[in-house]
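Structure assessment
The lines below spell out each chain.
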Amino acid sequence: MKFLKREDIPGLLGRLSERFRVYVPVKRAEVVLWRPWREGVQPALEHQGTEPPKAVLFPRSETLLRFGCERKEVQVEETIEAPPTVIFGSRPCDARGFLIYDRVFLDEGNPDPYYRARREATTIVTVLCLDPERTCFCSTVGGGPLDEEGSDLVLLPLEGGYLAKALTPKGEALLGDGAFVEASEGQLSEAERLRERAKMEPLLELDGIPERFNESFTSDLWERVSQKCISCGACTFLCPTCYCFNITDERTPEGAERLRNWDACMFYHYTLEASGHNPRPTKAERYRNRIGHKFSYYPSLYEGLFACCGCGRCIKSCPVSLDIREVLRELVSYGK
Amino acid sequence: MASRNPFLPYIATLKEVIEETPTIKTFRVVIDDPAEREAFRFEPGQVAQLSVFGVGEATFVINSPPTRTEYLQFSVMRVGEVTTKLHELQPGDKIGVRGPLGNWFPYEDMKGKDILFIGGGIGMAPLRTLLLFMLDNRSDYGHITLLYGARSPQDLCYKEELKEWERREDLELVLTVDREFPDWEGRVGLVPNVLKELAPSPEGKVAITCGPPIMIRFTLQALAELGFGDDQVVTTLERRMKCGVGLCGRCNIGPRYVCKDGPVFTLRQLKELPPEL
Amino acid sequence: MIDKLKEAVREHLEELELVIGYGEGYDPLHATPIFVRRPEEVDRLLWNPLCVYNLATYLYGLKGKKVGVVVKGCDSRSVLQLLNEGLISREEVFLFGLPCSGVLDLRKLAERVDVGRVEEVSWQEGKILVRTREKEETIPLEEVLQDRCLSCPYPTPLIYDVLLGDPLPPKGENEALLRQVKELEELTPPERLRYWKEELERCIRCYACRNACPLCVCQDWCAAEARDPHWISMRDGVKEKWMWQVLHALHLAGRCTGCGECERACPMGIPLLRIRMKINAELRELFDYEAGVKEGERPPLLTYQVSEPKIEEPKW
């Protein structure tokens, strides 16, 4: 096990920046955002980011294809960009989000080359959580504050720094930096003590929730739980496991570009057909689909894995404070 | 072997445009690159995304059967942004073709059975693919009936082919329009009602239907009343689609994606999904 | 006041399909909108400085139903503006008016306490007590109220069916907000550009600002997402976000009642209210007009005069 002193972090990030594009959480006003590290940028490693680092692997807007249109001819250019990258300071919930993306975007029969290129080029360094917020419920959905799944290197906060453990060859490669020194016995036992204290009990048993969801499909529960929703995209855009996107063309001087952009199933136009027909015309249907996707449909396709990492951002960022845990509580006891 | 970028379209040239109705045009396109053209293999019922570069993509069934590959045919109804621009294209213009996407009609399971096609309006497009495919493999199938209706005589698609099909001995054609029209001497009535009048027996039959959502709903009802089992009824659905490969999340009905696990579904499969049509 | 509110809701619940009010949120620092339909649910209603939400935002979507809604002074202005624009009908809304001394700004509070780990909140005269596991803090409310509340010109609802408390005198004429506008006006254009570039860079176009706004009734068919004509690119640059925010603010010119929900709803903490206050100040000057303060008043952008008294026409 290695130890990383807090004061050695800027030096480490500086050296990493010579080989990688390094993303860190930074505080701006009262929000914590993911931004590329530059000399002088102070990473806010003690906070869960207001947004997750999902835009690093799944950009808000990216160019998929460039079309050169001259006279009657059309040339197509694939634009896949994947420089070596380090995400430094994610949380276990953020890393878990990428695992959920992997099942979809790295499907062997049909991989997304853009995501795959970026994923392969990215190393994820996660800070484990010793003091979750009130809105955190990662242990309820299969994760946990000390969950290591999905990270390449994990950092456990100790006095004066972090205990560092590599989980993959990518993580190992980072440990070669001089900032990582051997951890002392005292630090190892401190780590043990802190791990014991950091256990988080699940809020509720989500066993059987896919079945409860299916049973509740036509009930008025959905109209009730969604009535305060205002159908914006805040929960979706800040969710580490949401990956819905839109594809649109835009004209350029050379011809056109095909863009992939974030989209949200909460928006009215998400399923609006050109004929005017909309299979999900009201918020009740859209919210039901959101919960259904996360807790029934996705699990049924991927061995029971929930498409939710329990980070609580949807609760905090919702303009009307809709709490997904309340909906789950109702669902779990539906029909009883 | 690296798989092809699922977002990358083939560049194709529009060879011919046929005006079917005031709102529907049929496009015949040929993929430019000979190797790509050769490698483009598809099954009846599969769809493709057509690109108008700089405007966008929209999904259409590959309207020609895999047994006739001099061109790929698509029938397009003008309803929105992309289809309006498609309708402005002229032969010689470039178009993108991304596909084949989705699943196809389970024609293997239909071999030896009598086939009942029930189509409404532009819903005839996917049915034409399978019908021509079956006619090109005629001995594999039993008696074939096509019940096709539209709002008015001018809204019927493939008018020239309909005349051909009427003359064929190995195909029974029943045409209908929603109400009386001056030059129309054929049947009058909504497709589900005409279906009930014809009262076909479900014995040894498979029914394949496509059309506007409301027509499908009443047709499925009529088929149930006539005693057709859930495994005997096949339909093909429409949804707003973007990626076409089950990634963007939008076209789902429950855990199934209409672009990837569909658009063809048997009634049994539909009933296993949440009621979200 | 809460008891009077509950009593009034109980009294009128029968004639209404539902009553929208405030209830307990997910932690001691949050309330949340609740929809009361049955008498047993009335006791869930509460009233305290956590009741930030502008419940008028639900009214347009509930057209056709007779609904009751709890409104503070600022919220009542949104209702008035919706009525003045003919977007909702008076017979369909029953207004429970609550005079308000101000609501909390959680971002200000976050500078003082760890808002993600609060265990208990209580209220004393003019103070809020916040207890986390580590410490307990007593903070004068004035220090953590929303800026717009500090010099609120309309603490008492301007329109109501029942008023459930004594009318409160105005705290000012929006000086706190206008000062922020003035601070920006005093920057040189390059400085202002730098400021807005930095603030708008973190916009994620989630449209929380738009959907939280009671006056944005066209949110499902928004110009920002239109394809034909294609006004705003979907690219993720500052230019595009700027275009969106300016388009939004301009579309609200003469309609924005300064309730600040846009800024509060923004998950990225962008100071959106400032843009709208500037436009509102311009409208005040040009047309002597403030949205949502006089019943029956016609918004100036819906009027036409051959010659405007305060706009100097170019002399051709």
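From a predicted model like this one, the values you see are computed outputs, not experimental measurements.

1. Focus: the overall build of chain B
- Tallying secondary structure elements over chain B gives eight helices and 15 strands in all.
- Whereas a compact globule of 277 residues would reach a radius of gyration of roughly 19 Å, chain B reaches 18 Å, a difference of no more than 12%.
- Per-residue burial over chain B gives 49% buried out of 277 residues.
- Expressed as a percentage of contacts within chain B between residues at least 6 apart in sequence, the contacts between residues at least 24 apart total 70%.

2. Some words on the pairing of strand β6 (residues 127-132) of chain C
Residue and element names in this part refer to chain C.
- Note that strand β5 (residues 118-124) and β6 share six bridges and pair antiparallel. Bridge assignment links Ser122 to a residue of β6, and that residue is Leu129.
- The hairpin formed by β5 and β6 contains two residues between the paired strands, and Gly126 there has a positive phi angle of roughly 70°.
- Judged from the five bridges that link them, β6 and strand β7 (residues 136-140) form a sheet pairing that is antiparallel. Bridge assignment links Ile128 to a residue of β7, and that residue is Ile139.
- Following β6, the chain reverses through three residues before pairing antiparallel with β7.

3. Topic: the interface of chain C and chain A
- Residue-level contacts link 30 residues of chain C with 33 residues of chain A.
- Taken together, the elements giving at least two residues each to the side of chain C that touches chain A come down to β2 (31-36), α3 (106-110) and α7 (208-212) of chain C.
- Tallied by class, residues from the side of chain C that touches chain A come to 14 nonpolar, eight polar and eight charged.

4. Things to note about the environment of Val293 of chain C
All names here are of chain C.
- With respect to the helices and strands, the residue Val293 is situated in the segment after α10 (272-287).
- Each C-alpha atom of the pair Val293 and Leu80 lies 6.9 Å from the other, and the pair is 213 residues apart in sequence.
- When neighbours within four sequence positions are excluded, Val293 is seen to be in contact with Arg77, Leu80 and Leu158.

5. Some details on the sheet that holds strand β9 (residues 172-177) of chain B
All names here are of chain B.
- In space, the seven strands of this open sheet follow the order β10-β9-β8-β7-β11-β12-β15, with mixed pairing throughout. Each of the sheet's edge strands pairs with one partner strand only, and the pair in question is β10 (187-188) and β15 (264-266).
- One ladder, built from six bridges, connects strand β8 (residues 144-150) with β9; its direction is parallel. Within β9, the residue paired with Thr145 across the bridge is Glu172.
- Contacts from helix α6 (residues 191-198) reach β7 (114-120), β8, β9 and β10 within the one sheet, and its direction differs from that of β8 by about 145°.

6. Focus on the domain arrangement of chain B
All names here are of chain B.
- Assigned domains of chain B: these are domain 1 (10-101) and domain 2 (107-236).
- For domain 1 versus domain 2, the separation of C-alpha centres amounts to 24 Å.
- Each partner contributes to the interface: domain 1 provides 16 residues, whereas domain 2 provides 15 residues.
- Here the side of domain 1 that touches domain 2 is built from residues that sort into eight nonpolar, six polar and two charged.

7. Thoughts on the interface of chain A and chain B
- At the junction of the two partners, chain A supplies 38 residues and chain B supplies 33 residues.
- Contributing elements (two or more residues each) for the side of chain A that touches chain B: β4 (61-70), β5 (73-78), α3 (92-105), β11 (245-252), β12 (255-262) and α10 (283-301) of chain A.
- Ranked by the residues each element gives to the side of chain A that touches chain B, the list is headed by β11 of chain A, at six residues.
- For the side of chain A that touches chain B, the residue count by class is 23 nonpolar, nine polar and six charged.

Conventions and cut-offs
Residues numbered from 1 in each chain as written. Chains lettered and ligands numbered in written order. Predicted model: local features only at pLDDT ≥ 70, side-chain atom pairs only at ≥ 80, totals over all residues. Helix = DSSP H or I, 4+ residues; strand = E, 2+ residues; numbered from the N terminus. Rg over C-alpha atoms; globule rule 2.2 N^0.38 Å. Buried ≥ 20, exposed ≤ 12 C-beta atoms within 10 Å, placed from the backbone. Contact = placed C-beta atoms within 7 Å. Pairing = 2+ DSSP bridges. Nonpolar A, V, L, I, M, F, W, Y, C, P; charged D, E, K, R; others polar. Axes fitted to C-alpha atoms, helices over the stretch in contact; angles between N-to-C directions. Domains from an automatic or database assignment.

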